[in-house]
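Architecture and fold: a report
Listed here are the chains, written in short residue letters.
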Amino acid sequence: MTVREQRENLERKVLSPFACLAMESRGRRRPVTPCPVRTCFQRDIDRIVHSKAFRRLIHKTQVFLRPEGDHYRTRMTHTIEVMRIARTMARGLGLNEDLTEAAAYGHDLGHTPFGHAGERVLNEIMPDGFRHNEQSLRVVDRLEKGGEGLNLTYEVRRAILCHTGVDEAETLEGQLLRLADKIAYINHDIDDAMRGGIIYPIDIPVEISNVLGFTHSDRIDTLTTDIITASAGTGRIRQSDDCRQAMYRLREFMFEAVYHNPVAKGEEGKAQDMLRRLFAYYSGEPDRLPPDFQEIREREGVNQAVCDYIAGMTDHYALEKFSEAFIPTAWRVK
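Residues numbered from 1 in each chain as written. Predicted model: local features only at pLDDT ≥ 70, side-chain atom pairs only at ≥ 80, totals over all residues. Heavy atoms only, no water.

Turning our attention to the overall build of the chain. For the chain, the helix and strand inventory stands at 17 helices and 0 strands. A compact globule built from 334 residues would reach a C-alpha radius of gyration of about 20 Å, and the chain, at 21 Å, matches this within 12%. The 334 residues of the chain split such that 53% are buried. For the chain, long-range pairs separated by at least 24 residues make up 68% of all intrachain contacts whose partners lie at least 6 apart in sequence. When the accessible surface of the chain is summed, it comes to about 16100 Å², and 51% of that surface belongs to carbon and sulfur atoms. Averaged over its 47 positive side-chain charges, the chain has a centre that lies 4 Å from the centre of its 51 negative ones. (Helix = DSSP H or I, 4+ residues; strand = E, 2+ residues; numbered from the N terminus. Rg over C-alpha atoms; globule rule 2.2 N^0.38 Å. Buried < 20%, exposed > 50% of the residue type's maximum accessible area, 1.4 Å probe, protein only. Contact = heavy atoms within 4.5 Å. Areas by Shrake-Rupley, 256 points an atom, 1.4 Å probe, with all protein chains shown as cover. Lys, Arg positive; Asp, Glu negative; His and termini not counted. Charge placed at Lys NZ, Arg CZ, Asp CG, Glu CD.)

What follows is the structure in structure tokens.
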């Protein structure tokens, strides 16, 4: 019996009857020889972590554009925080932690530079719109490994796609990811907003804090524990009414106080204008797209190739490409 088979048998013995077992995965688009050591979901973790798109997350904005200081979240640190919250809840419910981890690592691979500001630009430009969850799936299915994609399992792919939007993942692990993402971004955005002097602890409505707690760690602990308690033994992912309503009110508060705050988001217009100009530039000069995107240009059109290229950029790389396209060499800041 291989190490993988031992692990698969252990899952059957110790995981909840509601868990998604690795041996019962619906498989991959292209069949592969099973690994003797890793389950299919453990293999997906490695495929994502070793991908180029995953490495780029460290240089993509979460909320604050080019903040002063080293402690603000990036898309990478957000991803890691989501993963830890999701795995904690999966463990508490006896669900498959490997599936949960793989989906968490992959959920934002398609996110644009400059956070949701970049996403809104591409959504305006693309005829069928742009949604980062769909682009994340496109990254793992189509764009990575020179166009081959990562060939992930069905369950991980569905969890990535369904972490936001109207569709819901079939697995409880995928449904957990959706809530873990919200818990992570609401709470770490509060932390970053306080670090930036945008809000102060006293600004958070006391009726919310009375339910969720008054500190960063208290809020996360309350929300994760509540989901474990409310969902245990039900075959569903649930929150108590009190925590669900408090988290909804906290999210509303963040939109009013931070996400729409002109101090926090004052530079977004400039970043969006830069991406619009880059899109127009490469649409008019598609031969300047890198070789990896020429095949997409031929098969799926110039717009799709330019969209894929820009969506994959880090903040710094977008600035560099804009400088090359629009700023005379002699004027560039060294």
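On to the packing of helix α11 (residues 216-231) against helix α12 (residues 241-259), then. Interhelical geometry of α11 versus α12 gives an angle of 140° and a closest axis separation of 10 Å. Here α11 is positioned oblique relative to α12, judged by the angle of their axes. Handedness of the crossing formed by α11 with α12: left-handed. Contacts between α11 and α12 involve R219, T222, L223 and D226 from the first element and C243, M247 and L250 from the second. Counted by class, the contact of α11 with α12 contains 4 nonpolar, 1 polar and 2 charged residues. (Axes fitted to C-alpha atoms, helices over the stretch in contact; angles between N-to-C directions. Parallel < 35°, antiparallel > 145°, perpendicular 65-115°, else oblique. Left-handed = near helix turned anticlockwise from the far one by under 90°. Nonpolar A, V, L, I, M, F, W, Y, C, P; charged D, E, K, R; others polar.)

We now examine the environment of E300. Note that E300 resides in helix α15 (residues 294-300). A residue is classified by how much of its surface remains accessible, and E300, at 36% relative accessible area, is partly exposed. Counting along the chain gives 117 residues from E300 to I183, while the straight-line C-alpha distance between them is 37 Å. In contact with E300, not counting residues within four places along its chain, are R138 and R142. Separated by 3.1 Å, the side chains of E300 and R138 make a polar contact. In terms of polar contacts, E300 uses its side chain to reach the side chain of R142, at 3.1 Å. (Polar contact = N/O pair within 3.5 Å; in protein donor to acceptor, adjacent residues only side chain to side chain.)

Before going further, it helps to spend a moment on the side chain of S25. Within the fold, S25 resides in the loop between α1 (3-14) and α2 (40-49). Setting aside anything within four residues of it in sequence, one finds S25 in contact with C40, F41, T153 and E155.

For the rest of this paragraph, the subject is the pattern of salt bridges. All chains considered together, the criterion is met by 30 salt bridges. Between R12 and E24 there is a salt bridge whose closest N-O contact spans 3.3 Å. Within this pair, whereas R12 is found in helix α1, its partner E24 is found in the loop between α1 and α2, the two being separated by 12 residues in sequence. Take R12: its relative accessible area is 46%, and that puts it in the partly exposed class. When its relative accessible area of 46% is taken as the criterion, E24 is described as partly exposed. As a salt-bridge pair, D192 and R195 come within 3.3 Å of each other at their nearest N and O atoms. (Salt bridge = Lys/Arg side-chain N within 4 Å of Asp/Glu carboxyl O.)

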